[in-house]
Amino acid sequence: MSQTTSKKPASSLIAHILPYSTIGGTEQATLRIMKAVEPHGVDGIAVSLFDSEDLRRFFGDANRRIMAWPAPEPSLRRGRSFYAESRALADEFQRLGVDLVHCADYPAAYLVALAGRLAGVPVLCHVRNRHGALTRRDRLFLRPVTHFAFVSQDTWNHFGSPVGLRRGSVIYDGIDPPPELTLAALDEGKRAVRAEFGLSSATKLIGMLARVAPQKDFETLIRAAARVVQTHPDVRFMVAGDCSASEVSRNHYAHVQKFLHEAGLTDSFIFTGYRSDALRLLGAFDIVALSTNYEGLPLALLEAMAYAKPVVATAVDGIPELIKDGVDGFLTPHADAEVLAAKLLALLDQPALAARTGTAARQTVLQNFTAGHFAGRVMDLYTRLLK
C-alpha cells in the first residue's frame with residue numbers, strides 16, 4: 001500500500017476504486033466527483049488497483065489522497081483465496097473509516113464489490129461504457145453491488161445484467177464551464193498553441209480529445225480527413241491524449257500511424273500524447289470531432305461544448321442524449337467517413353454555422369451539465385445509499 005497525500009476526513013468518506021492504470025475519462029470523472037461533493041461534507045480517497053505513478057501524481061497534484069491496493073482475483077475454483085483477499089481489503093476499508101465504496105467503472109465492481117459488502121458498507125458501481133456481453137460468471141461477482149449509476153440511459157438499457165429501477169440511476173456527468181472569454185483572449189491562446197506546434201496562425205485546427213485506443217474510431221476519422229484535405233489542404237487534425245502509457249496504447253498508436261501513412265496523411269495529423277493542459281489545446285481548436293466506436297457520455301464532448309466549440313460526434317450510446325443534431329452539434333452514423341467529412345466541411349465553409357452551433361452547445365452545458373447539476377445528482381444518490 002502507498003499514499004501520496006493526507007487530508008483530514010470529513011463527515012463521510014468515500015473510497016473511489018480505480019480499475020485502470022492510466023489517466024483517461026474515468027479518472028478525470030472520479031476527480032470531478034471528489035471535488036463536487038467535498039463542499040457537502042464528503043471526503044474521498046482514490047484506491048488504485050495498480051501501483052501507478054501516473055495516478056499517484058494525478059490525484060496527488062490535486063491534493064487528493066490515493067493509495068494502491070492489489071485487486072482481489074475473483075475465482076470460483078479458488079473461492080477461499082478470493083474471500084481472503086476480499087476480507088483483507090474489507091479490513092482496510094474499515095481501518096480507514098470508509099462509509100461507501102464507489103467503483104469508478106464496471107471492472108472495479110467486478111473485483112471489489114465483495115470486499116465492500118464484507119466491510120459492511122454500500123457498494124456503488126458507476127457504468128461509463130457499453131458492457132453488453134456479461135457472462136453468468138461476470139454477473140455472479142456483481143451481485144454484491146448495492147446500486148448502479150449509469151452515465152446515460154442508453155448505457156443502462158444495454159447493460160449485460162438486468163438492473164431494476166430501485167437498483168439503478170442515470171447520473172449525467174457535469175463540468176465547470178469556463179467563464180466567458182473575450183475574443184482577444186481566445187485568439188491569443190490559439191496563436192500560442194499554433195506557434196508551439198509550428199503551425200500558421202491561419203491554420204484551421206480540428207481537434208479530438210481522446211486516448212489512442214481501440215475504443216476510438218481513428219480509421220473513420222482518417223478516411224474523413226482524406227476528403228477534407230482534398231479541398232482544404234492547410235487543415236490540421238490534432239489528437240490530444242495518451243498514446244504510450246500502456247502496451248495496448250502503444251500497439252494501437254503504431255496501427256494508427258500505419259493507417260495514416262498508407263492514406264498519405266501523416267503530415268496532416270498531430271498527436272500530442274498525454275497533456276495536463278489539454279483544455280488549453282481545446283481552446284485553440286476550431287472544430288472538435290469525436291469519432292468513436294462506443295461511449296457512455298464522453299466528458300471530452302462536454303468540455304468542448306462548454307468552450308462553445310462546434311462538435312461533430314458519432315451517434316453511439318449516450319452521445320445522442322447530449323447532442324441535438326443540427327442544433328448544438330452534429331451527429332454522424334457509426335463508421336461513416338463520408339457523413340463525417342461532410343459535417344466537418346460544412347463547419348469549415350460556414351463560419352456563421354460553426355459559431356451558432358458552438359454558442360448553442362455552451363448553453364446546453366450551462367442548462368443541464370454543470371458541476372452544480374452533477375454534484376446535486378451525486379449527493380442525492382449518496383444520501384440515499386448512506387441512510
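The sections below set out a description of the structure shown in this document. As the structure is a computational prediction, the values presented were derived from the model and not from experiment.

### Regarding the environment of His131
Note on placement: His131 falls in the loop between strand S5 (123-127) and helix H5 (136-142). A C-alpha to C-alpha distance of 7.9 Å links His131 and Thr155, two positions 24 residues apart in sequence. Once residues lying within four places of it in the same chain are set aside, the contact partners of His131 are Asp105, Tyr106, His158, Phe159 and Gly160.

### Focus on the sheet that holds strand S2 (residues 42-48)
With parallel pairing, 7 strands are arranged side by side in an open sheet as S3-S2-S1-S4-S5-S6-S7. Each end of this open sheet is capped by a strand with a single partner; those strands are strand S3 (65-68) and strand S7 (168-170). Direction aside, neighbouring strands of the sheet carry axes that sit 25° apart on average.

### Concerning the packing of aromatic side chains
Applying the stated rule across the entire model yields 14 aromatic pairs. Judged by centre distance (5.3 Å) and plane angle (10°), the ring pair of Phe150 and Trp156 falls under stacked. Taking 5.4 Å as the distance between ring centres and 80° as the angle between the ring planes, the aromatic pair formed by Tyr253 and Phe271 counts as edge-to-face. Here Tyr253 is found in helix H9 (residues 247-263), whereas its partner Phe271 is found in strand S10 (residues 269-273), with 18 residues between them in sequence.

### Some points on the pairing of S5
Among the 5 residues that make up S5, 5 are buried, leaving the element largely enclosed by the rest of the structure. On S5, burial covers both faces: Val123, Cys125 and Val127 on one face and Leu124 and His126 on the other are all buried. Where strand S4 (residues 100-103) lies against S5, 3 bridges are found, and the strand directions are parallel. Paired with Cys103 across the strands is Cys125, a residue of S5. Regarding the hand of the β-α-β motif, the stretch spanning S4, helix H4 (residues 106-118) and S5 is right-handed. Where S5 meets strand S6 (residues 147-150), 4 bridges bridge the pair, whose relative direction is parallel. Bridging across to S6, Leu124 finds its partner in His147.

### Some remarks on empty space enclosed by the protein
A full pass over the atoms with the stated rule returns 1 cavity of 30 Å³ or more. Of the volumes computed, that of the largest cavity is approximately 40 Å³. Around the largest cavity, the lining residues are Leu209, Leu282, Val288, Ala289, Leu290, Ala300, Leu301 and Ala304. Split by residue class, the lining of the largest cavity holds 8 nonpolar, no polar and no charged.

### Side note on helix H11 (residues 299-306)
Counting buried positions over the 8 residues of H11 gives 8, a clear majority of the element. Within the sequence span of H11, burial applies to Leu299, Ala300, Leu301, Leu302, Glu303, Ala304, Met305 and Ala306. Phi for Ala308, located one or two positions after H11, is positive at around 60°.

### Describing the packing of helix H1 (residues 25-37) against helix H15 (residues 371-386)
Viewed as axis vectors pointing N to C, H1 and H15 meet at an angle of 80°, and their least axial separation amounts to 9 Å. On the basis of the axis angle, H1 is roughly perpendicular to H15. Of the residues in H15, those in contact with Arg32, Ile33, Ala36 and Val37 of H1 are Phe374, Ala375, Val378, Met379 and Tyr382. Each residue belonging to the contact of H1 with H15 can be placed in one class, and the counts come to 8 nonpolar, no polar and 1 charged.

### Quick look at the sheet that holds strand S12 (residues 311-314)
Two modes of strand pairing occur in sheets, parallel and antiparallel, and in both the strands are linked by backbone hydrogen bonds. Within the open sheet, the 6 strands sit side by side as S10-S9-S8-S11-S12-S13. Their pairing is parallel. For this open sheet the edge positions go to S10 and strand S13 (330-332), each flanked by a neighbour on one side alone. Adjacent strand axes in the sheet meet at a mean angle of 20° when their direction is disregarded. Pairing of strand S11 (residues 287-290) with S12 involves 3 bridges; the strand directions are parallel. When the sheet's bridge partners are listed, Leu290 is paired in S12 with Ala313. Taken strand by strand, helix H8 (residues 218-231) contacts strand S8 (205-209), strand S9 (236-240), S10 and S11, and its axis lies near 160° from that of S9. Packed onto the sheet, H11 meets S8, S11 and S12 and runs at close to 165° relative to S12.

### Observations concerning the pairing of S8
S8 sits mainly inside the fold: 5 of its 5 residues count as buried. The two faces of S8 match: Leu205, Gly207 and Leu209 on one face and Ile206 and Met208 on the other face are all buried. Two strands pair when backbone bridges link them, and S8 and S9 are joined in this way by 5 bridges, in the parallel orientation. Across the sheet, Ile206 pairs through a bridge with Phe237, a residue of S9. As a crossover connection, the stretch from S8 through H8 into S9 is right-handed.

### A short note on H9
Taking 1.5 Å per residue as the helical rise, H9 with its 17 residues ought to reach 24 Å, and the 24 Å between its terminal C-alpha atoms agrees with that figure. Listed in full, the buried residues belonging to H9 are Ser249, His252, Val256, Phe259 and Leu260. Projected onto a plane normal to the axis of H9, the buried residues spread over an arc of 100° and lie on a single side. Across H9 from its buried face, at more than 90 degrees, point the exposed residues Glu247, Lys258, His261 and Glu262. Where the residues of H9 are buried, they touch H8 and S10. In the segment just after H9, Gly264 is the residue with positive phi, at about 70°.

Cut-offs used in this document
- Residues numbered from 1 in each chain as written.
- Predicted model: local features only at pLDDT ≥ 70, side-chain atom pairs only at ≥ 80, totals over all residues.
- Heavy atoms only, no water.
- Helix = DSSP H or I, 4+ residues; strand = E, 2+ residues; numbered from the N terminus.
- Contact = heavy atoms within 4.5 Å.
- Pairing = 2+ DSSP bridges.
- Axes fitted to C-alpha atoms, helices over the stretch in contact; angles between N-to-C directions.
- Phe/Tyr/Trp six-rings, centres within 6.5 Å; stacked < 30°, edge-to-face > 60°.
- Buried < 20%, exposed > 50% of the residue type's maximum accessible area, 1.4 Å probe, protein only.
- Right-handed = clockwise from strand over helix to strand, strands pointing away.
- 1 Å grid on protein atoms, 1.4 Å probe; cavity = no way out; pocket = protein on both sides within 12 Å on 5 of 7 lines; lining within 4 Å.
- Points joined across faces, edges and corners; volume = space filled by probe spheres on them.
- Nonpolar A, V, L, I, M, F, W, Y, C, P; charged D, E, K, R; others polar.
- Parallel < 35°, antiparallel > 145°, perpendicular 65-115°, else oblique.
- Expected span 1.5 Å × (residues − 1).
- Arc of directions from axis to C-beta.

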